[in-house]
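What follows is the residue order along each chain.
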Amino acid sequence: MSNDLRGKRAVHNWSNLPSEVLRSVCSTPHSSSDPEICTPTAWLHQDFHYQRSIFETLRDAHDVQRIMRVCPQWHYALINIDFWQAACRKLDRLDIATRSLVNRDVKVEVVGSTTDNVDARLRRNFNHFHTLSQVCCIPCRINRPASKEGICNVKTTLATAPFGQVSVCKGHRNNSFCGVCLKDVSIASHGDHNQLAKVPESLFENEDFDTWPTVHTTCFHCRRDALLRIAALYSNPSVNLLDFIGGPTLDGKDYEARSTVDNFVDMAEGGVNDVITVVLERQWLRVNTNLGSLLDQAVASARYSRAEMEDYESEEEMLSDDEEESYDMLQSQEENGVRTLAITAWARARILDGNWITPADVWCMNTGQVPVDSAWDPSLLTPTVHPVPHSLQTSPSNNSSSSTSEMEDVMSTEPGPPTQHMIHYPPLDIHTTMPSYRFAQITANHFRTTFRDIIFEPMRTIVLRIMNEAQMAAQDPCVRLAKLDMDDVLILLRDEPTWHVDSGHGTRLMHAIPYVPVTTQNMAPMTRNLLESLWKEACAPLFQCQCSICDRAIQKQSQSHGIQVP
């Protein structure tokens, strides 16, 4: 079999890359070429210059070793570059480990005659750096670079996030230093760094194995850095997640989001993805609903009610109590009820505006889970018509221009005077993604409940009207109802008498009258299923048994609910 390479393989053989190119790549600081590589905030203080320098050198050395493992040719091309000499000097500034290795007859590479000085004839290359990294405690060398601690006293190895398995001494265990930045809090908070004592350096056991799968302990700075980094990935011109959580200071205005962030950053509770999900949900609620104003009203009402019950002697006494019971605490007490009201109000506004798309359909659309056999095209706008246009206080703003012929075609299929109807296009907001599947389920449940409260009563009115017309014509109402499809139901929902209710002294309009779509051809699948289920529920009484036993059972059940049955 011939080993000749042809085509691109003959020209682009990575193993034959010139060694000068590899050395040039490895001599470039990696932090400037790759934005994903960054120094932990724990080492950015000006007093930690030497510690930061050693950390960055070890990080770059770890990356160079990954390049060397690509193929043997690359390994031999990078084994003697100048980078290793600088790395050996930083890891062993006083050559204590080097002299110890020579005295113990450890094999080291030398150049020149055996009578020369050891320092002069020592070859500090990759092999020497690899030996130093095995005999030096890496946390000790990073945290105390000017001392001789951590040299030739290695006991075991531990897993870290930036360097993998590193050598450690007897004094360093999993819970004694951060597994991400390798900062030893007990060392950094003494000596010349007392001014950093006010900075929270909390070490806690890691619970976020999605972000740090091999790390046992993390510090305050690394948890905050990870959160800010992931939040920046979710930020865009329309949704700025960094501003919502308060930026680097993490002092966001939303109480629940801020408390979730604080619990993770200060005490390592949960994971970064869990925190981001909660923050996205809170931001969605703040942007798309009136949660903020409802919370302010609920807190003001709670303070007013407490002021009436306590009977304060002066305004100063009431203000002092308000300071003890903070605004955030009152917000947390009113959160559950107010959140339900906000989501319900959002769903009600969508339904009344003719935007009959459930959040479950929006979630399936954005995650690519729409059924293949569905005819729903989310990019097409479905026109809607208001059944009682003279009841509108303001004219709706159409999002799309409609031609005269299109309006005449829609009006010709509707009962009533055509001049009383207008076409309205609801806003196309299907690309407003839901923060999570759980949140999509919650909003979808509120949408279904609100949709039923608005649409079910008019559907019962339609059924009663068909029953009365069938009795007057001596016909079976079930036969007439069975002939109706969902487009026929929408036509009846766009009829103004459907939205009148008998109040005993003449009819009146219902309070909530939505825009009704003109067709179900481009209706979202779950929304169509919801509409069909409500129509079946409204027609169900006609298909019940009419014997005397069932009639008495129905009357008894209705009377127990306070409903008068003739």
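The structure under discussion appears in the preceding block.
All of the points below concern the structure found in this document.

1. Notes on the overall build of the chain
1) Next: Each helix and strand in the chain was counted, giving 25 helices and 9 strands.
2) Next: Sorting the 566 residues of the chain into buried and exposed places 42% on the buried side.
3) Next: Long-range contacts, defined here as pairs at least 24 residues apart, represent 67% of the contacts in the chain between residues at least 6 apart.
4) Next: Working note: accessible area of the chain is about 31,400 Å², and carbon and sulfur atoms make up 52% of it.

2. A look at the pattern of salt bridges
Any two side chains of opposite charge can pair, on the condition that their charged atoms come close.
1) Next: Under the defined criterion, the tally for this structure stands at 12 salt bridges.
2) Next: Between Asp254 and Arg282 there is a salt bridge; the shortest N-O distance is 2.9 Å. On the criterion of sequence distance, the pair formed by Asp254 in the loop between helix H13 (241-244) and helix H14 (255-267) and Arg282 in helix H15 (residues 272-288) is long-range, its members being 28 residues apart.
3) Next: When its relative accessible area of 2% is taken as the criterion, Asp254 is described as buried.
4) Next: Among the residues examined, Arg282 registers a relative accessible area of 2% and is labelled buried.
5) Next: Where Asp495 meets Arg465, a salt bridge forms, and the shortest distance between an N and an O atom there is 3.4 Å. Taken as a pair, Asp495 in the loop between helix H23 (486-493) and strand E7 (500-502) and Arg465 in helix H21 (residues 437-472) lie far apart in primary sequence, 30 residues in all.
6) Next: Its relative accessible area of 13% is what places Asp495 among the buried residues.

3. Observations regarding the side chain of Arg141
1) Next: Within the fold, Arg141 resides in helix H10 (residues 138-143).
2) Next: Buried and unpaired, Arg141 has Asp92 as its nearest opposite-charge partner, separated by 5.5 Å.
3) Next: Within the structure, Arg141 has its side chain in polar contact with the backbone oxygen of Leu91 (distance 3.2 Å).
4) Next: Residues within four places of Arg141 in sequence aside, it is in contact with Ile54, Leu91, Cys136, Ser147, Lys148, Glu149, Gly150 and Ile151.

4. Description of the side chain of His172
1) Next: Position of His172 among the secondary structure elements: in the loop between strand E2 (164-169) and helix H11 (185-188).
2) Next: In this structure His172 comes out as buried when scored by relative accessible area, which is 4%.
3) Next: Within polar-contact distance, the side chain of His172 engages the side chain of Asp184 at 3.0 Å.
4) Next: Not counting chain neighbours up to four residues away, the residues in contact with His172 comprise Cys137, Pro139, Cys140, Leu158, Phe177 and Asp184.

5. Here's the deal with helix H24 (residues 525-539)
1) Next: Compared with the 21 Å implied by 1.5 Å per residue over 15 residues, the 21 Å span of H24 between its first and last C-alpha is a close match.
2) Next: Among the residues of H24, Pro525, Thr527, Leu530, Leu531, Leu534, Trp535, Ala538 and Cys539 are the ones counted as buried.

6. Brief notes about the nonpolar core
1) Next: In this structure, Leu58, Trp84, Phe129, Ile142, Leu227 and Val279 are the most contacted members of the largest nonpolar core, which totals 65 residues.
2) Next: Each residue touching Leu227, except ones within four places of it in the same chain, is listed here: Leu250, Val261, Phe264, Val265, Val272, Val275 and Ile276.
3) Next: If you look at the next biggest cluster of nonpolar residues, it comprises 47 residues, including Ile351, Trp356, Phe456 and Leu492.

7. Here's the deal with the packing of helix H19 (residues 359-367) against H24
1) Next: Contact geometry of H19 with H24 gives a least axis separation of 7 Å together with a crossing angle of 155°. Taken together, the axis directions place H19 and H24 in an arrangement best described as roughly antiparallel. Pair H19 / H24 crosses with right-handed handedness. In this structure, H19 uses Ala360, Asp361 and Cys364 to contact H24, whose residues at the interface are Pro525, Met526 and Thr527.

8. Considering the pairing of strand E1 (residues 154-160)
1) Next: The sheet contact formed by E1 and E2 spans 6 bridges and is antiparallel. Of the residues in E2, the one forming a bridge with Thr157 is Ser167.
2) Next: Between the end of E1 and the start of E2, which pair antiparallel, lie 3 residues.

9. Section: the environment of Gly292
1) Next: Its location among the elements puts Gly292 in helix H16 (residues 291-310).
2) Next: Separated by 50 residues in sequence, Gly292 and Ala342 have C-alpha atoms that sit 9.0 Å apart.

10. Describing the packing of aromatic side chains
1) Next: Summed over the entire model, instances satisfying the criterion amount to 10 aromatic pairs.
2) Next: Geometrically, the ring pair formed by Trp284 and Trp346 is edge-to-face, given 5.0 Å between the ring centres and 75° between the ring planes. Of this pair, Trp284 sits in helix H15 while Trp346 sits in helix H18 (residues 327-352), and the two are 62 residues apart along the sequence. The exposure classification of Trp284 matches that of Trp346, with both residues buried.
3) Next: Following the ring pairs from residue to residue traces out a cluster consisting of Phe83, Trp84, Phe126 and Phe129.
4) Next: Over the face of the ring belonging to Tyr50 we find Arg93, whose NZ or CZ atom lies 5.1 Å from the ring centre.

Cut-off values and rules
Residues numbered from 1 in each chain as written. Predicted model: local features only at pLDDT ≥ 70, side-chain atom pairs only at ≥ 80, totals over all residues. Heavy atoms only, no water. Helix = DSSP H or I, 4+ residues; strand = E, 2+ residues; numbered from the N terminus. Buried < 20%, exposed > 50% of the residue type's maximum accessible area, 1.4 Å probe, protein only. Contact = heavy atoms within 4.5 Å. Areas by Shrake-Rupley, 256 points an atom, 1.4 Å probe, with all protein chains shown as cover. Salt bridge = Lys/Arg side-chain N within 4 Å of Asp/Glu carboxyl O. Lys, Arg positive; Asp, Glu negative; His and termini not counted. Polar contact = N/O pair within 3.5 Å; in protein donor to acceptor, adjacent residues only side chain to side chain. Expected span 1.5 Å × (residues − 1). Core = buried A, V, L, I, M, F, W, Y, C linked by side-chain atoms within 4.5 Å. Axes fitted to C-alpha atoms, helices over the stretch in contact; angles between N-to-C directions. Parallel < 35°, antiparallel > 145°, perpendicular 65-115°, else oblique. Left-handed = near helix turned anticlockwise from the far one by under 90°. Pairing = 2+ DSSP bridges. Phe/Tyr/Trp six-rings, centres within 6.5 Å; stacked < 30°, edge-to-face > 60°. Lys NZ or Arg CZ within 6 Å of the ring centre and 35° of its normal.

Function cannot be read off these values alone, since they describe shape.
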